[in-house]
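# Survey of secondary and tertiary structure
If you want the building blocks of each chain, they are given just below.
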Amino acid sequence: RREFPEFLGAVSHVGMLGREGAVAALAERADRLSTLVGEDERRLGRALAAGGVPRLFVIEAEYSLAMLRAERDWVLSVVDEIKTGGLEWPTP
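All figures in this text were calculated on a predicted structure; none of them were measured in a lab.

### Observations concerning the overall build of the chain
Each helix and strand counted, the chain has three helices and zero strands in total. When the elements of the chain are put in sequence order from the N terminus, they spell out α-α-α. Its C-alpha atoms give the chain a radius of gyration of 17 Å, more than 25% over the compact-globule value 12 Å for 92 residues. Along the longest, intermediate and shortest principal axes, the C-alpha atoms of the chain span 60 × 30 × 15 Å. Of all 92 residues assigned to the chain, the portion counted as buried reaches 22%. In the chain, the proportion of contacts linking residues at least 24 apart, taken out of those at least 6 apart, comes to 72%.

Structure representation (structure tokens):
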């Protein structure tokens, strides 16, 4: 079954923030995601470096890290599109 994260609901309302508000909110989200990516990379690296932990037992951590990276990269691309005018913004 498809699961819809809370962030999806927030993204659906980003247009109401205006360009500057959207950039600020999305940049804040990207910063938080970058922090989480760093934490997960270190945690996964330690688990693998410790040895004796077959990769099979950390694939859920790999998946989680991949999803965080993908969301962060997407958020940053949207921020860039807003800043450069690539994402069309309706005029009131």
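The structure having been displayed, the exposition proceeds.
### Some words on the confidence of the model for the chain
Per-residue pLDDT for the chain has a mean of 91; in total, 99% of the residues score no lower than 70. Here helix H1 (residues 6-11) is the element of the chain with the lowest mean pLDDT, 88, and helix H3 (residues 59-84) is the one with the highest, 95.

### Comments concerning the nonpolar core
If you look at the biggest cluster of nonpolar residues, it comprises 17 residues, and the most contacted ones within it are Ala22, Leu26, Val75, Val79 and Ile82. Among the secondary structure elements, those contributing two or more residues to this core are helix H2 (18-49) and H3. Considering each element in turn, this core owes the most residues, seven residues, to H2. Ignoring anything within four residues of it in the chain, the contact list for Val75 reads Phe7, Leu26, Arg29, Ala30 and Leu33.

### Focus: a nonpolar patch on the surface
A surface patch of nonpolar side chains, about 390 Å² in accessible area, is lined by Val53, Leu56, Phe57 and Ile59. By the element assignment, Leu56 lies in the loop between H2 and H3. A residue is classified by how much of its surface remains accessible, and Leu56, at 57% relative accessible area, is exposed.

### Here we look at the packing of H2 against H3
What describes two packed helices is the angle between their axes and the distance between those same axes. Packing of H2 against H3 brings their axes to within 9 Å, and their N-to-C directions diverge by 155°. By the criterion of interaxial angle, the relationship of H2 to H3 is roughly antiparallel. Between H2 and H3 the crossing geometry is left-handed.

### Observations regarding the pattern of salt bridges
The full count for this structure, using the stated rule, is five salt bridges. When the shortest N-O distance is used, the salt bridge between Arg29 and Glu71 registers 2.6 Å. Here the residue Arg29 occupies a position in helix H2, and Glu71 occupies one in helix H3, the gap between them amounting to 42 residues. Put simply, Glu41 and Arg69 hold a salt bridge, and the shortest N to O gap is 2.7 Å. Of this pair, Glu41 sits in helix H2 while Arg69 sits in helix H3, and the two are 28 residues apart along the sequence. The class for Glu41 is partly exposed, based on a relative accessible area of 36%. Relative accessible area serves as the criterion here: at 33%, Arg69 is assigned to the partly exposed category.

Definitions and limits used
- Residues numbered from 1 in each chain as written.
- Predicted model: local features only at pLDDT ≥ 70, side-chain atom pairs only at ≥ 80, totals over all residues.
- Heavy atoms only, no water.
- Helix = DSSP H or I, 4+ residues; strand = E, 2+ residues; numbered from the N terminus.
- Rg over C-alpha atoms; globule rule 2.2 N^0.38 Å.
- Buried < 20%, exposed > 50% of the residue type's maximum accessible area, 1.4 Å probe, protein only.
- Contact = heavy atoms within 4.5 Å.
- pLDDT = per-residue confidence, 0-100.
- Core = buried A, V, L, I, M, F, W, Y, C linked by side-chain atoms within 4.5 Å.
- Patch = residues over 30% accessible without salt bridge, like charges linked within 9 Å, V, L, I, M, F, W, Y side chains within 5 Å.
- Areas by Shrake-Rupley, 256 points an atom, 1.4 Å probe, with all protein chains shown as cover.
- Salt bridge = Lys/Arg side-chain N within 4 Å of Asp/Glu carboxyl O.
- Axes fitted to C-alpha atoms, helices over the stretch in contact; angles between N-to-C directions.
- Parallel < 35°, antiparallel > 145°, perpendicular 65-115°, else oblique.
- Left-handed = near helix turned anticlockwise from the far one by under 90°.

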